[in-house]
Amino acid sequence: MAKDYYETLGVQKNASEEEIKKAYKTLAKKYHPDLNPGNKEAEQKFKELNEAYSTLSDTTKRNNFDRYGSADQQQGFGQGFEGFGEGADFGDLFGSFFGGGTRKGRDLKYEMELTFLEACFGVEKKISVTKLSRCESCDGLGGTGEQKCTLCKGSGRIQRNMRTPFGTFAQASTCTTCMGMGKTVKTVCTECKGQARIKNTKTVTVKIPAGINDGNTLRMQGEGEAGAAGQRSGDLFVEVYVTPHDIFARKEDDILIEFPISFSQAALGDSVQVPTIRGEVKMKVPAGTQSGTMLRLKNEGVENVNGHGMGDQLVRIQVKTPEKLSAKQKELLEKLALENKEKLSVQKGWFDKFKEDFIGI
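Attention in this report is confined to the structure presented alongside it. This one's a predicted model, so the numbers in the text were calculated from it and none came from an experiment. By convention here, each chain's residues receive numbers from 1 onward along its written sequence. Under the rules for a predicted model, residues below a pLDDT of 70 receive no local features and side-chain atom pairs below 80 are neither given nor counted, while totals for whole chains, interfaces and linings still include all residues. Calculation of side-chain values draws on the structure's entire complement of heavy atoms; hydrogens and water are dropped beforehand.

1. Considering the overall build of the chain
Right, on to step 1. Check the secondary structure of the chain and you find nine helices and 15 strands.
Right, on to step 2. Only protein chains enter the accessibility calculation, which uses a 1.4 Å probe; a residue is then buried when its area is under 20% of its type maximum, exposed when over 50%, and partly exposed in between. Here the chain, with 361 residues, has 32% of them falling under the buried criterion.
Right, on to step 3. Note on contacts: a residue pair qualifies if any of its non-hydrogen atoms lie within 4.5 Å across the two residues. Within the chain, contacts between residues at least 6 apart in sequence are counted, and of these 62% link residues at least 24 apart.
Right, on to step 4. Residue-level accessible areas treat just the shown protein chains as cover; the underlying method is Shrake-Rupley with a 1.4 Å probe. Per element, the accessible surface of the chain, about 23000 Å² overall, is 50% carbon and sulfur. A run of H or I in DSSP counts as a helix once it spans at least four residues, and a run of E counts as a strand once it spans at least two, with each numbered from the N terminus.

2. What about the pairing of strand β12 (residues 270-276)?
Right, on to step 1. Relative to strand β13 (residues 279-285), β12 runs antiparallel, the two being bridged by seven bridges. Each residue of the ladder has a partner; that of D270, found in β13, is V285.
Right, on to step 2. In this scheme, strands are said to pair when DSSP sees at least two bridges between them. Once β12 ends, the chain turns through two residues before running back antiparallel as β13.

3. What to know about the sheet that holds strand β11 (residues 254-262)
Right, on to step 1. Pairing is mixed across the open sheet formed by four strands, whose spatial order is β10-β11-β15-β14. Each of the sheet's edge strands pairs with one partner strand only, and the pair in question is β10 (249-251) and β14 (294-297). Here the strands of the sheet are splayed against their neighbours by 35° on average, with no regard to which way each runs.
Right, on to step 2. Sheet analysis places β14 next to strand β15 (residues 313-320), joined by four bridges and oriented antiparallel. Residue L297 lies in a different strand from β15, and its bridge partner there is Q313. To obtain an axis, a line is fitted to C-alpha atoms, over the contacting stretch when the element is a helix, and the angle between two such axes runs from 0 to 180 degrees between their N-to-C directions.

4. Examining the packing of helix α2 (residues 17-31) against helix α3 (residues 40-56)
A pair of packed helices is captured by two measures, namely the crossing angle of their axes and the spacing between those axes.
Right, on to step 1. In contact at an axis separation of 9 Å, α2 and α3 are set at 165° when each is read in the N-to-C sense. One element, α2, and the other, α3, form an angle in the roughly antiparallel class. In the crossing of α2 with α3, the sense of the turn from one axis to the other is left-handed. The residues of α3 that touch α2, namely those facing I20, K21, Y24, L27, A28 and Y31, are A42, K45, F46, L49, N50, Y53 and L56.
Right, on to step 2. The class makeup of the residues in the contact of α2 with α3 is 10 nonpolar, one polar and two charged. Oblique is the label for any angle not under 35 degrees, not over 145, and not in the 65 to 115 range, which are roughly parallel, roughly antiparallel and roughly perpendicular in turn. Note on convention: near helix rotated counterclockwise from far helix by under a right angle means a left-handed crossing. Clockwise means right-handed. Each residue is assigned to one class: nonpolar for Ala, Val, Leu, Ile, Met, Phe, Trp, Tyr, Cys and Pro, charged for Asp, Glu, Lys and Arg, and polar for all the others, Gly among them.

5. Notes on the pattern of salt bridges
Right, on to step 1. When a carboxyl oxygen of Asp or Glu is within 4 Å of a side-chain nitrogen of Lys or Arg, the pair counts as a salt bridge. Within this structure, the stated rule accounts for 12 salt bridges.
Right, on to step 2. For D312, the salt bridge is made with R296, and the minimal N-O distance between the two is 2.8 Å. Of this pair, D312 sits in the loop between β14 and β15 while R296 sits in strand β14; the two residues are 16 residues apart in sequence, bridging distant segments of the chain.
Right, on to step 3. Taken together, the shared-partner salt bridges in this structure form one network comprising K131, K202 and E223.

6. Focus: the side chain of T8
Right, on to step 1. Within the secondary structure, T8 sits in helix α1 (residues 5-9).
Right, on to step 2. Exposure remark for T8: the relative accessible area of 17% places this residue in the buried category.
Right, on to step 3. Sequence-distant contacts of T8, that is, excluding residues within four places in its chain, are made with L27, K45, E48, L49 and A52.

7. What to know about the sheet that holds strand β9 (residues 236-242)
Note: strands within a sheet are paired through backbone hydrogen bonds, in either parallel or antiparallel orientation.
Right, on to step 1. Taken in spatial order, the three strands make up an open sheet running β1-β9-β8, and their pairing is mixed. What marks the edges here is a single partner per strand, and that holds for β1 (108-114) and β8 (217-220). Shown here is a sheet whose adjacent strand axes are inclined to one another by a mean of 25°, direction ignored.
Right, on to step 2. In this sheet, β9 lies alongside β8 in antiparallel orientation, the contact comprising four bridges.

8. Looking at the environment of E300
Right, on to step 1. Within the secondary structure layout, E300 lies in the loop between β14 and β15.
Right, on to step 2. Overall, E300 belongs to the buried group, its relative accessible area being 18%.
Right, on to step 3. Along the chain, E300 and L314 lie 14 residues apart, while their C-alpha atoms are 8.8 Å from each other.
Right, on to step 4. E300 has contacts with I255, T276, I277, R278, V281, G311, D312 and Q313, leaving out every residue within four places of it along the chain.

See below:
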């Protein structure tokens, strides 16, 4: 069955070059071997993504694919062979988008739990991360006495010729002896055994910004594992999980709270002290407030994590019906009920008369 490169990248057939590029970058980062070590399915998916992007990002190949279902039809063959066959260096294409190839250090993930208020106001946390770090004994060189790599002659890349039915083509890839550095060492470091990296546990300070929310991820550049042969380090991704609060809830930058008031406070109105994440503030309850009414306290919410202002606190009123009444309270309520009953009787009489007049028209 023919491959559908549009389906592989998750785009429509009329997608623009920018949409195709964006889709590839997103999926390639998700399935990149560095982020999925040992995952054969992710590795295969990454190869398919590269194959699809190689076709759809090239105008001629894309036209051939749209017309014939293959990128290598008619004039596509005549212009030479480009692609991602066995042994291709996927790191070069991926690196053009993300600033490095597959040789960079591995990215790491750390899950951090925060209290509700720590997330609201921000906090500084120290965490321990076990990873491959640059060997301090050899300063990440793998040894002493640098010399030019004899395999790649100092270029960092080796070239090999591939014979195909359409001719012989040259393909360059990273030198496996010097890992692209173009240099080797005469004396191997006894600490790291020439690997330039050593496994240790490092304390990392994480600055949590005010307003961060449950599920957000912080990227700490260069705090992942050190790259092989002096290549750049990976990144550390800190995933934040926020524990619920007993009183406060959160919706984006707004704080929500349920606040109980008495029947008399609801009927007559009152000024009450309401808890906020910064302490108690005075709030006016208008006379005649119904249960479920939402009152707003401006700028008593959470600071936006991107610096776009402050949220509010939304106070949902819950009118509490008294369970036990004194004799005096009962007498007053019965009197009020009687007055309400008389009002309803007058309203009913008016409505009955209205219906008669309306029907008579």
